[in-house]
Amino acid sequence: MLRRRLNRLFGRDERKVDSRTIYVGHRPCPATEALIPPKFCDNRIVSSKYTVWNFLPKNLFEQFRRIANFYFLIIFLVQVIVDTPTSPVTSGLPLFFVITVTAIKQGYEDWLRHKADNEVNKYLVTVLEDGRRACKESEKIKVGDVVEVVEDETFPCDLILLQSSREDETCFVTTASLDGESNHKTHYTVPDTERNLESLSATIECEQPQPDLYKFVGRMHIYRNNQEPAVRSLGPENLLLKGATLKNTQKIYGVAVYSGMETKMALNYQGKSQKRSAVEKSINAFLLVYLCILVSKALVCTTLKYVWQNRPGQDEPWYNQKTQKEKDANLYLKMFTDFLSFMVLFNFIIPVSMYVTVEMQKFLGSFFISWDKDFFDPEIQEGALVNTSDLNEELGQVEYVFTDKTGTLTQNNMEFIECCIDGFQYKYADSGTELDGFCVTDGPVNILQQKAGREKEELFLRALCLCHTVQVKEATGQGDGVADGVEDQVDGVMGLDGETVGPADLGGFIASSPDEVALVKGAMKYGFKFLGMESKNMRVMNRNNDVETYELLHVLNFDPVRRRMSVIVRTKSGDTMLFCKGADSSIFPRVRQEEVDRIRMHVERNATEGYRTLCVAYKLLSREEYDQADTGLREAKLALQDREEKLMAVYNQVETGMSLIGATAVEDRLQEEAAETMEALQGAGMKVWVLTGDKMETAKSTCYACRLFQRSTELLELTVRTLVDLGRKREERLHELLLDYHKRAVQDAPPIKAGVTRSWSSANQDYGFIIDGATLSLVLNSSPESNSSCYKSLFLQICQNCTTVLCCRMAPLQKAQIVKMVKNCKGSPITLSIGDGANDVSMILEAHVGIGIKGREGRQAVRNSDYAIPKLKHLKKLLLGHGHLYYVRIAHLVQYFFYKNLCFILPQFLYQFFCGYSQQPLYDAAYLTMYNICFTSMPILANSLLEQHICMEVLMDNAALYRDVAKNAMLGWGPFLYWTLLGVYQGLLFFFGVRFLFSNPALQDNGQVFGNWSYGTIVFTVLVFTVTLKLAMDTRHWTWINHFVIWGSLAFYMFFSFFWGGIIWPFLRQQRLYFVFANMLSSVSAWLIIILLILLSLLPEILLLVLRKPRGPHSRQKKPVVQSGVGETQSPRSSARPLLMKTFSDESNTIL
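Residues numbered from 1 in each chain as written. Predicted model: local features only at pLDDT ≥ 70, side-chain atom pairs only at ≥ 80, totals over all residues. Heavy atoms only, no water.

## Focus on the overall build of the protein chain
The test is simple: Helix and strand labels come from DSSP, where a helix needs a run of H or I of at least four residues and a strand needs a run of E of at least two; each type is numbered from the N terminus. Type-normalised accessible area, obtained with a 1.4 Å probe on protein chains alone, sets the label of each residue: buried when under 20%, exposed when over 50%, and partly exposed for intermediate values. Here, two residues are considered to be in contact whenever any of their heavy atoms come within 4.5 Å of each other. Reported accessibility uses the Shrake-Rupley method at a 1.4 Å probe radius. Residues are deemed covered only where the shown protein chains occlude them.
A tally of regular secondary structure across the protein chain gives 39 helices and 34 strands. Within the span of the protein chain, comprising 1152 residues, buried residues form 56% of the whole. Intrachain contacts of the protein chain at a sequence separation of at least 6 include 74% that bridge at least 24 residues. For the protein chain, the exposed surface amounts to about 50500 Å²; the carbon and sulfur share of it is 57%.

Put into structure tokens, the structure is as follows:
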């Protein structure tokens, strides 16, 4: 287990692994041998992060890994140990609050994961033990147990199907929670097993656990008395995966082969890790800069203190004699203590209140997403859901979008559109308008109004009714009468859209792919109805309401290399026929060229319209041809080595020399506004990757329909099919293709202009890239002799230069690997994953931001996502609207916090030069404590929640505005330097402006002079008013809340200063500000300098706004308001507003 996890950690798949032997029912085989039970892991599922014992140390360790938390812990310990100018409570209490709230939040989330695990692990299942049915908890299932599962139950572990209640020894399952496909898949029992499982004596030899959902190789040895053991091969069709659900089958029995964390579902689960936003990383970077400033200030003051004290008479003046203890103290220890005291004195340059404010802004801001009425879906009566409020601003920084296809881009609802028979196109019309319901819409130019012959039509429709794996669901209590009822309904009320077809609406059709159901429904429109199977016979009702019976001999299953499937059937007259359907590129080379020319035009037209096209062919097999094919198929199915290659050889041999009958066009309906949403995301500068477990043809059609692929897009395909080259190794062919595609898409591509990406640059050739799961494994996990890192680098460069990348036949873990590869590439782009099924959970957890869609495939994706939305169309507003505003708000909050605290501490630092470096505070302790908590916290919090520098409608209509804040533009070093210089300028002005005032010895009417506390109070008053009015200038979207907190904070400061200094407080040992504030305001000179300094501090900002001409991003932002026709009347942020109230975004546009 550890070795497998280490291999997965370092990106190495287990290719050549040892097999495991499983004793069915834990019985020795043969019975004479002693049973030595092998050890396998139990069936427990663990997705939680903490236990009761490790929660406290592990959680504290994770929290103190954050630079800010660790820094404040050190400061708190210094205040406790060393005699510092400020109390330890000022740092300890806020730190304790932040740590406690975060621990409670994370503990609650992990408790929910424990609860979910227990629901799975304690679920009761039925196990056969010594011939008796016994109930046991799911976590107690062991490998080798024979488990009973009834209809609509999920499989508790990975099982080999031994017995089914269906007569044909099959069962149907849905794997929506694994690969996102909600269609029914058929699985088969192991041939020749005992009907009485109590007497079954068998062993299973199979591969060790590995995460590929579509791969399984094994064999089963069945022992009978005094006979050679029968050997039966096992493949994916015999394996029932944990998490899949049994459908349309009363019950099955299976033997457990993989359990617990070794099941394929668990191996595809990506563990949940702590996600950190780019803004938090920027805060940490700025924090390091300010830490350097802090340490520099402390070093300068400590050094200058001892330089000053070395002067004669300064170290020990007559009025301040040293005690004996002070004389005996170690000089270096004293210097270190002084250094720490200066650190604590200047510590307020990095306030813990900023982190509290940021947490509150994220938490409260997330409610705006939940409250947005545009996200409410009347169908499910739900709106958006926020599971993680820490990543709001990341929604405004997304560069790569990874989306699932089935259920996300599409509704997974296929509809038959039209067909082409022998070169003539048929569209369904009302059956009363033309015989048989056919309507010829177009065809070859010369013979527009002709139809194909009746014999060809019927042959084509029979092929649609026979060449599939569709089953008709057994309706309880009605028996065969269902079929008759269905026929009447079809003949009577069939509509143009085909949605009222009986079996589908009654839940009658079951298939592994929705397009198969669509084709069977299409045949029903034209009079041929598939009635189902009886044992091995397929029943079809023709136009004359006669029932035709065909014996099903073989099914040649679809695979991504052949890209076609076939059935071999025998008619009542004894003829053996092969019907084949598949992609045009797969069928055309195997039929006559003159037949291809008649149909190619229709196929190409349907493909460009976004429909999924399939070609249909047939072949009449002679007895010798069938006998040869039958023998080859049986031998290949029993092979233990190279089984797939041997089957492929037989398939290719029999599927030659066919006759082309026609083609079909099927539409997979897109989600509402899916194409518009994808277009908007690309217009905003995001690259869209489609990661799906579906087939390539279906996924490619969806990309065309969503406008991710355009007609002009040149597709670069890197799939198993393109790697097939006789006589050459796959790795060689892979390397050759990668170099070729790299030359075309990267080397030969013209350079992209700054600020323009290829997705909206029409002058360049657009490329689309297609890769499948098997080829991706070769790229990511190449053999030792090949250069894996070279492959990965080439692959990544090609993908980054393509407008859209399509990855098909992806296992869930491969989706996560793709996301991780892009996330960790150069530049560390912000990634977003969106999906609706449990198969998408791994990539949702891996991406920076995970979005779950509240779809039909359960709520696993929603539970594991950071945000959940009802429909794909809501992603546009979530990113372009909310994401843009969240980022701008929090970026301004962070820059503003550092700026206002630099203004706050710089005068304190300068004051040390005039007080003998004695660590004398400039401000009163009450001001030190309440500056960030009360006087300046509420205005910036309100601004960071309510500010709209551009209204939501304009952001939605102009996707390009999203690019203005991309790549963390507002938290770059340029804006940071501007805010820092602004803080330095204003801090110097505050201190030296007040010092200039104090050059006049008499500032009061009675001739008395002001003291040092009056000096600090005047500086503090100018500071509070300046930083608050600076925020008012930055505010563009005014509400009553903004007015209340901005003017209310200034009024509260005035009231508090009067109140704090106007009363004698009995609990204070010394009251420094007693009547200082009231005394200060009695001086006209103090009033004058306060007003003058505030105006001088804000003058550069005012001049910048008055003199600056609107240009660049600002001019582009104003234009849409005029175009919308409502900007002048509705927007409270129109150009008629006073220049004083221009937004901080205007500033930042100038700065950037």
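## So, helix α20 (residues 696-705)
Think of an α-helix as 3.6 residues a turn; residues three or four steps apart then line up on the same face. With respect to burial, α20 is a largely interior element, seven of its ten residues being buried. Those residues of α20 that fall on the buried side of the exposure criterion are Met 696, Glu 697, Thr 698, Ala 699, Ser 701, Thr 702 and Cys 703. Backbone geometry just after α20 places Arg 707 at a positive phi near 65 degrees.

## Some details on the pattern of salt bridges
Just so we agree on the cut-off: Here a salt bridge means any side-chain nitrogen of Lys or Arg lying within 4 Å of a carboxyl oxygen belonging to Asp or Glu.
Taken as a whole, this structure holds 42 salt bridges when the rule is applied. Here Glu 594 ties to Arg 592 by a salt bridge, and the two come within 3.5 Å at their closest N and O atoms. As a salt-bridge pair, Lys 871 and Glu 672 come within 4.0 Å of each other at their nearest N and O atoms. Note that Lys 871 is positioned in the loop between β34 (867-869) and α28 (874-911) and Glu 672 in the loop between β27 (659-670) and α19 (674-683), a separation of 199 residues in sequence. Taken together, the shared-partner salt bridges connect Asp 377, Glu 379, Glu 672, Lys 871 and Lys 873 into one network.

## Topic: the sheet that holds strand β11 (residues 239-240)
Here is the rule: Strand pairing is defined by DSSP finding a minimum of two bridges between the two strands.
Pairing is antiparallel in the open sheet, where six strands are placed in the order β3-β2-β4-β13-β5-β11. Single-partner strands in this sheet number two, and they are β3 (132-137) and β11. Sheet topology note: the strand β4 (residues 146-150)/strand β13 (residues 251-258) ladder contains five bridges and is antiparallel. What sits directly across from Val 149, in β13, is Ile 252.

## Observations regarding a nonpolar patch on the surface
Operational definition: Residues enter a patch when their relative accessible area is above 30% and they make no salt bridge; the linking distance is 9 Å between like charges and 5 Å between nonpolar side chains (Val, Leu, Ile, Met, Phe, Trp, Tyr).
A cluster of nonpolar side chains, Tyr 985, Leu 1092, Leu 1096, Leu 1099, Leu 1103, Val 1106 and Leu 1107, forms an exposed patch at the surface whose accessible area comes to about 610 Å². Looking at the nonpolar patch, the element that brings in the most residues is helix α36 (residues 1084-1107), giving six residues. Among the secondary structure elements, Val 1106 is positioned in helix α36.

## Section: the side chain of Glu 394
Structurally, Glu 394 can be placed in the loop between β14 (385-386) and β15 (400-403). Ignoring any residue separated from it by four or fewer positions in sequence, one finds Glu 394 in contact with Arg 276, Ser 277, Ala 278, Val 279, Ile 830, His 848 and Val 849.

## Some words on the pairing of strand β31 (residues 804-808)
Among the five residues that make up β31, five are buried, leaving the element largely enclosed by the rest of the structure. Residues of β31 alternate between two faces, with Thr 804, Leu 806 and Cys 808 on one and Val 805 and Cys 807 on the opposite face, all of them buried. By the bridge criterion, five bridges tie strand β30 (residues 767-772) to β31 in an arrangement that is parallel. Paired with Gly 768 across the bridge in β31 is Thr 804.

## Looking at the packing of aromatic side chains
Here is the rule: A pair of Phe, Tyr and Trp rings is counted when the ring centres sit within 6.5 Å of each other, with Trp represented by its six-membered ring. The angle between the planes then sorts it: under 30 degrees is stacked, over 60 is edge-to-face, the rest tilted. Should the NZ of a Lys or the CZ of an Arg lie within 6 Å of a ring centre and within 35 degrees of the ring normal, that charge is described as sitting over the ring.
Under the defined criterion, the tally for this structure stands at 36 aromatic pairs. Ring plane angle 90 degrees and centroid distance 6.1 Å describe the contact between Phe 286 and Phe 898, whose orientation is recorded as edge-to-face. Of this pair, Phe 286 sits in helix α7 (residues 278-309) while Phe 898 sits in helix α28; the two residues are 612 residues apart in sequence, bridging distant segments of the chain. Just as Phe 286 is buried, Phe 898 falls in that class too. A network of ring pairs unites the aromatic residues Phe 904, Tyr 931, Phe 935, Phe 1020, Phe 1052, Tyr 1053 and Phe 1056 as a single cluster. Arg 570 extends its terminal NZ or CZ atom over the ring of Tyr 626, reaching a point 5.4 Å from the ring centre.

## A few points about the pairing of strand β5 (residues 158-164)
Counting buried residues in β5 gives seven out of seven residues, a clear majority hidden from the surface. In this sheet, β13 lies alongside β5 in antiparallel orientation, the contact comprising six bridges. By the bridge assignment for β13, Leu 161 is matched with Gly 254.

## Notes on the nonpolar core
Just so we agree on the cut-off: Among the buried residues, those of types Ala, Val, Leu, Ile, Met, Phe, Trp, Tyr and Cys that are joined through side-chain atoms within 4.5 Å form a nonpolar core.
Of all hydrophobic cores here, the largest spans 96 residues; its most connected members are Phe 904, Tyr 923, Phe 1020 and Leu 1023. Sorting elements by how many residues they give to this core places α28 first, with 18 residues. The residues touching Leu 1023, leaving out its near neighbours within four places in the chain, are Lys 900, Cys 903, Phe 904, Tyr 923, Tyr 931 and Phe 990. With 41 residues, the next largest nonpolar core counts Leu 395, Met 686, Val 688 and Val 690 among its residues.

## Observations regarding the sheet that holds strand β9 (residues 218-223)
As a reminder, the rule being used: Interaxial angles span 0 to 180 degrees and are taken between N-to-C directions of axes, which are lines fitted to C-alpha atoms, for helices over the stretch in contact.
If you trace the four strands from one edge of the open sheet to the other, you get β1-β8-β9-β10, paired in antiparallel fashion. Edge strands, defined here as strands with exactly one partner in the open sheet, are β1 (19-23) and β10 (230-234). Strand after strand, the sheet turns through a mean of 20 degrees between neighbouring axes, direction not considered. By the bridge criterion, five bridges tie β1 to strand β8 (residues 201-207) in an arrangement that is antiparallel. If you follow Ser 19 over to β8, its bridge partner there is Glu 207.

## Observations regarding the packing of helix α11 (residues 454-466) against helix α14 (residues 514-525)
The criterion, for reference: A clockwise turn of the near helix away from the far one marks a right-handed crossing, whereas an anticlockwise turn of less than a right angle marks a left-handed crossing.
Relative orientation of the contacting elements α11 and α14 amounts to 140 degrees, with a least axis distance of 8 Å. Handedness of the α11/α14 crossing: left-handed. Counting all contacts with α11, which are made through Leu 461, Leu 464 and Cys 465, the residues of α14 involved are Leu 519, Val 520 and Ala 523.

## Let's talk about the packing of helix α32 (residues 973-997) against α36
Stated formally: For classification, angles of less than 35 degrees are called roughly parallel, those exceeding 145 degrees roughly antiparallel, those between 65 and 115 degrees roughly perpendicular, and all remaining angles oblique. Each residue gets one of three labels, nonpolar for Ala, Val, Leu, Ile, Met, Phe, Trp, Tyr, Cys and Pro, charged for Asp, Glu, Lys and Arg, and polar for the others, Gly among them.
Contact geometry of α32 with α36 gives a least axis separation of 10 Å together with a crossing angle of 155 degrees. Taken together, the axes of α32 and α36 lie roughly antiparallel to each other. As α32 packs across α36, the resulting crossing turns out to be right-handed. Contacts between α32 and α36 pair Tyr 978, Leu 982, Tyr 985, Gln 986, Leu 989, Phe 990, Gly 993, Val 994 and Leu 997 from the former with Ser 1085, Ala 1086, Ile 1089, Leu 1093, Leu 1096, Ser 1097, Leu 1098, Pro 1100, Glu 1101 and Leu 1104 from the latter. Within the contact of α32 with α36, the residues separate by chemical class into 14 nonpolar, four polar and one charged.

## Some thoughts on the UniProt feature "binding site: Mg(2+)" (unreviewed entry) in the protein chain
To keep it simple, the criterion reads: UniProt positions are given in the numbering used here, feature names are shortened, and annotations may be inferred rather than shown by experiment. Residues adjacent in sequence count toward polar contacts only when both atoms are side-chain atoms; beyond that, a polar contact is any pair of N or O atoms within 3.5 Å, and within protein one must be able to donate a hydrogen and the other to accept it.
Following the UniProt record, the feature "binding site: Mg(2+)" (unreviewed entry) maps to Asp 404, Thr 406, Asp 836 and Asp 840 here. Maximum C-alpha separation among the annotated residues is 10.6 Å over a sequence range of 437 residues, consistent with a single clustered spot. On the accessibility criterion, Thr 406 (4% relative accessible area) is buried. Relative to the elements of secondary structure, Asp 840 occurs in the loop between β32 (831-835) and α26 (841-846). We classify Asp 840 as buried; its relative accessible area is 0%. In this structure the side chain of Asp 840 is engaged in a polar contact, spanning 3.0 Å, whose partner is the backbone nitrogen of Asp 836.

## Quick look at unusual backbone geometry
Of note, Arg 707 is a non-glycine position whose phi angle comes to about 65 degrees, a positive value. By the secondary structure assignment, Arg 707 is in the loop between α20 and β29 (714-718). One non-glycine residue, Ser 828, adopts positive backbone phi at about 45 degrees. In this structure, Ser 828 sits in the loop between α25 (812-823) and β32. Its relative accessible area of 45% is what places Ser 828 among the partly exposed residues.

## Focus on the environment of Ser 296
Checked against the element boundaries, Ser 296 lands in helix α7. Since its relative accessible area comes to 40%, Ser 296 is described here as partly exposed. Linking Ser 296 and Met 343, residues 47 residues apart in sequence, is a C-alpha distance of 9.5 Å. There is a polar contact of 2.6 Å between the side chain of Ser 296 and the backbone oxygen of Cys 292.

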